[in-house]
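# A structural walkthrough
Residue-level listing of the chains:
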Amino acid sequence: MSRRLITPSERSKLDPFVVATGDASPRDQRDLMERPFFSLAKTKRTVPILYEAGDVRVEVYAVPEHGMATIWDADVLIWAASQIVEAENLGLKTSRFLRFTPYQLLIAVGRQTGARDYKLLKRALARLQATVIRTSIRQGEHWRRHQFSWINEWEECARRDGRVEGMEFVLPDWFYRGVIDRSLVLTIDPAYFSLTGGIERWLYRVARKHAGRQPRGWLFEFAHLHAKSGSQVRVSDFALQIRRIAARQPLPGYKLRIEREARRDLLRILPAKLSTAPVDSAVEALGTSHAALPGLRTREPQLTLWRETVIPGLNLESNLESNCCSEPARLADNADASAEPPTKHQSRQSLPLLDRKTGGKR
């Protein structure tokens with residue numbers, strides 16, 4: 001009789017990082033903000049994303065059973081990054097193994113906490129685990145590709161009535177290293193979670209990464225924006241959606257302006273104010289007070305070991321990749337003459353997850 005070999009859980013080798021509170025400012029991982037790592041559609045996507053620009057390559061694959069992880073599912077990663085950075089700032093030990101209550105996560109990203117929302121959260125975790133990513137980003141000189149899933153494994157602790165009391169998941173090393181390296185993380189506006197469209201959510205992350213608080217903002221060709229998004233819609237339909245978003249101006253902290261130059265359609269992203277979104281105060285779900293809820297606390301902004309309110313450079317490392325779709329790269333589009341060269345580190349459907357139609361009022 002043959003004996004089946006049982007592979008021990010990765011969690012047995014890691015010390016758990018127990019998330020005790022939910023009041024961390026939302027933070028995003030810079031590599032994920034400008035490149036197509038997620039589906040922008042609310043319908044199931046199984047068609048791979050294949051993106052290449054210079055020496056940067058991103059491949060994303062999905063399985064038919066679950067479909068590709070979506071930009072709403074990415075809220076789980078934003079929440080995890082926020083908790084890790086906040087704990088690191090407070091001098092606490094963190095790890096890739098997170099232990100938490102789903103209530104903490106749902107409230108922090110502005111979701112409802114009914115039974116349906118817990119079920120949708122579990123579906124999001126399944127998509128995050130089933131999605132496979134291959135990328136050359138942040139690889140060493142002799143290493144060409146890194147392959148991983150957004151979540152290595154996850155488990156829930158539930159009562160007999162089915163109510164989920166606790167959850168655990170393990171993040172991939174690639175993502176975790178990109179979070180504890182503080183030059184690779186940016187704060188984002190909590191209002192991001194109220195954006196319901198996939199393209200506008202993606203566009204906000206692009207705006208935050210590239211335009212930041214730069215007075216001149218950032219200029220993109222429509223065609224190259226389409227390539228960077230990984231969207232499956234035609235370029236013409238994508239351009240129409242961008243124009244509609246620009247007409248509504250929904251992005252917190254940024255203004256969108258359509259420009260025309262030599263038969264090229266361009267989108268300029270400008271900071272609405274030079275002190276946009278990021279704040280280091282408690283994260284609250286819009287329209288809901290959680291000051292008295294168990295497991296959460298409000299407090300004054302924490303002093304951190306690094307200045308999150310300032311973008312160190314002009315994000316010039318992305319110039320060659322940002323506007324090289326139909327014309328040669330033009331550094332003058334997004335930089336001034338005095339700009340310094342980039343540094344080393346610069347080189348609601350709901351979580352569909354969570355459906356806005358049935359959710360509470362924001």
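Scoring rules and cut-offs
Residues numbered from 1 in each chain as written. Predicted model: local features only at pLDDT ≥ 70, side-chain atom pairs only at ≥ 80, totals over all residues. Heavy atoms only, no water. Helix = DSSP H or I, 4+ residues; strand = E, 2+ residues; numbered from the N terminus. Buried < 20%, exposed > 50% of the residue type's maximum accessible area, 1.4 Å probe, protein only. Areas by Shrake-Rupley, 256 points an atom, 1.4 Å probe, with all protein chains shown as cover. Polar contact = N/O pair within 3.5 Å; in protein donor to acceptor, adjacent residues only side chain to side chain. Pairing = 2+ DSSP bridges. Axes fitted to C-alpha atoms, helices over the stretch in contact; angles between N-to-C directions. pLDDT = per-residue confidence, 0-100. Contact = heavy atoms within 4.5 Å. Core = buried A, V, L, I, M, F, W, Y, C linked by side-chain atoms within 4.5 Å. Phe/Tyr/Trp six-rings, centres within 6.5 Å; stacked < 30°, edge-to-face > 60°. Lys NZ or Arg CZ within 6 Å of the ring centre and 35° of its normal.

A tally of helices and strands in the protein yields nine helices and 13 strands. Expressed as a percentage of the 362 residues in the protein, the buried residues total 52%. Within the structure as shown, the protein displays about 17200 Å² of accessible surface, and the carbon and sulfur contribution to it stands at 53%.

Right, let's talk about the environment of Arg 260 for a bit. Counting through the fold element by element, Arg 260 comes out in strand β12 (residues 254–261). Between the alpha carbons of Arg 260 and Glu 221 there is a distance of 9.7 Å; along the sequence they are 39 residues apart. Of note is the side chain of Arg 260, whose polar atom sits 2.6 Å from the side chain of Asp 265.

What follows is about the sheet that holds strand β11 (residues 218–221). What the three strands build is an open sheet, ordered β11-β13-β12; its pairing is antiparallel. Two strands in the sheet have a free side with no partner beyond their single neighbour: β11 and β12. Taken pair by pair, the neighbouring strands of this sheet meet at an average axis angle of 25°, ignoring direction. Inspection of the sheet shows β12 paired to strand β13 (residues 264–271) by eight bridges, in the antiparallel sense.

The next thing to look at is the confidence of the model for the protein. Here the protein averages 77 in pLDDT, while 71% of its residues score no lower than 70. Taken together, the stretch residues 323–332 has pLDDT below 50 and engages in 24 contacts with residues farther than four places along the chain or on a different chain. This model gives residues 335–362 a pLDDT under 50, and the stretch forms 88 contacts once residues within four places in sequence are excluded.

Our focus in this paragraph is helix α7 (residues 222–229). Each α-helix turn comprises 3.6 residues. Residues three or four places apart therefore point the same way. Extensive coverage of α7 is indicated by the burial of six of its eight residues. For α7, the set of buried residues is Phe 222, His 224, Leu 225, His 226, Lys 228 and Ser 229. Following α7 by one or two positions, Gly 230 has its phi on the positive side, about 75°.

On to the nonpolar core, then. One finds Trp 79, Leu 98, Trp 150 and Phe 169 to be the most contacted residues of the largest nonpolar core, which totals 77 residues. Per-element accounting of this core gives the leading share, 10 residues, to helix α2 (residues 74–89). For Phe 169, the contacting residues outside a window of four places in its chain are Val 76, Trp 79, Ala 80, Arg 96, Phe 97, Leu 98, Phe 100, Leu 125, Ile 151, Glu 153 and Trp 154.

Positionally, Asp 15 belongs in the segment before β1 (17–18). A sequence separation of 83 residues divides Asp 15 from Leu 98, and the C-alpha atoms of the two residues are 9.0 Å apart. The residues touching Asp 15, leaving out its near neighbours within four places in the chain, are Lys 93, Ser 95 and Phe 97. A polar contact is formed between the side chain of Asp 15 and the side chain of Lys 93, at a distance of 3.2 Å.

What follows is about the packing of aromatic side chains. Using the criterion set out here, one finds 12 aromatic pairs in the structure. Where Tyr 204 meets Tyr 254, the ring centres are 6.0 Å apart and the plane angle is 65°; that geometry is what we call edge-to-face. Placement of Tyr 204 in helix α6 (residues 198–210) and of Tyr 254 in strand β12 is noted, with a sequence separation of 50 residues between them. Each member of the pair, Tyr 204 as well as Tyr 254, is classed as buried. In this structure an aromatic cluster arises from ring pairing among Phe 37, Phe 38, Phe 148, Trp 150 and Trp 174. Against the face of Trp 174 rests Arg 138, its NZ or CZ located 4.1 Å from the ring centre.

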